[in-house]
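# Report on the structure
Residues per chain are reported as follows:
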Amino acid sequence: MTEFPQLQKALETYLAAVEKRPAADGQVPELLPAATALEQTAQASLPQAPPQLRHYLANRSFRKAYLYLQGQDHLNRAGNCGRPHGQH
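These figures come from a predicted structure and were not determined experimentally. (Residues numbered from 1 in each chain as written. Predicted model: local features only at pLDDT ≥ 70, side-chain atom pairs only at ≥ 80, totals over all residues. Heavy atoms only, no water.)

## Focus: the packing of aromatic side chains
Taken as a whole and judged by the stated rule, the model has 2 aromatic pairs. Here Y14 and F62 contribute two aromatic rings whose centre-to-centre distance is 5.4 Å and whose plane-to-plane angle is 75 degrees, an arrangement assigned as edge-to-face. Separated by 48 residues along the polypeptide, Y14 in helix 1 (residues 5–19) and F62 in helix 4 (residues 62–69) bring together distant segments of the chain. For Y14, a relative accessible area of 16% corresponds to the buried category. On the basis of an interplanar angle of 70 degrees and a centroid distance of 6.3 Å, the ring pair of Y56 and Y68 is categorised as edge-to-face. A residue pair is termed long-range when its members are at least 10 positions apart, and Y56 in helix 3 (residues 51–58) and Y68 in helix 4 qualify at 12 residues. We classify Y56 as buried; its relative accessible area is 5%. Residue Y68 is classed as partly exposed on the basis of its relative accessible area of 24%. (Phe/Tyr/Trp six-rings, centres within 6.5 Å; stacked < 30°, edge-to-face > 60°. Helix = DSSP H or I, 4+ residues; strand = E, 2+ residues; numbered from the N terminus. Buried < 20%, exposed > 50% of the residue type's maximum accessible area, 1.4 Å probe, protein only.)

Next up, the structure:
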């Protein structure tokens, strides 16, 4: 399990909200509270976080931060942003 359980939970909640289909009005009501909670939790976690995790959080690379906490950082190194590796 992760050393950052609150951060992992906040990332899970945020990423789930991002994946939700918008309502008829185009809104995802869960997104703003999830983003706010994630920002607060990320800020609180920064001082204790390893450098690579701090990098992901500071750059708002939340999917990469989540993979890092899952022990799957090797997937980040290959690139998961949707762009071919090396084209950033």
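Next comes the rest of the description.
## So, helix 3
Quick reminder: α-helices carry 3.6 residues per turn. Residues three or four places apart thus point the same way. Within the sequence span of helix 3, burial applies to L53, Y56 and L57. One side of helix 3 holds all its buried residues, which, seen down the axis, span an arc of 95 degrees. Facing away from the buried side of helix 3 by over 90 degrees, the exposed positions are P51 and A58. A positive phi of about 55 degrees marks R60, the residue just after helix 3. (Arc of directions from axis to C-beta.)

## A closer look at the packing of helix 1 against helix 2 (residues 31–45)
The N-to-C vectors of helix 1 and helix 2 enclose an angle of 150 degrees; their axes lie 9 Å apart at closest approach. Taken together, the axes of helix 1 and helix 2 are roughly antiparallel relative to one another. Relative to helix 2, helix 1 is oriented so that their crossing is left-handed. Only L31, A34, A35, L38, T41, A42 and S45 of helix 2 make contact with helix 1, whose side of the interface consists of Q6, L7, A10, L11, T13, Y14, A17 and V18. (Axes fitted to C-alpha atoms, helices over the stretch in contact; angles between N-to-C directions. Parallel < 35°, antiparallel > 145°, perpendicular 65-115°, else oblique. Left-handed = near helix turned anticlockwise from the far one by under 90°. Contact = heavy atoms within 4.5 Å.)

## Topic: the nonpolar core
Residues L7, L11, L38, L53 and L57 are the most contacted members of the largest nonpolar core, which totals 17 residues. For this core, the secondary structure elements donating two or more residues are helix 1, helix 2, helix 3 and helix 4. Looking at this core, the element that brings in the most residues is helix 1, giving 6 residues. In contact with L11, not counting residues within four places along its chain, are L38, F62, A65, Y66 and L69. (Core = buried A, V, L, I, M, F, W, Y, C linked by side-chain atoms within 4.5 Å.)

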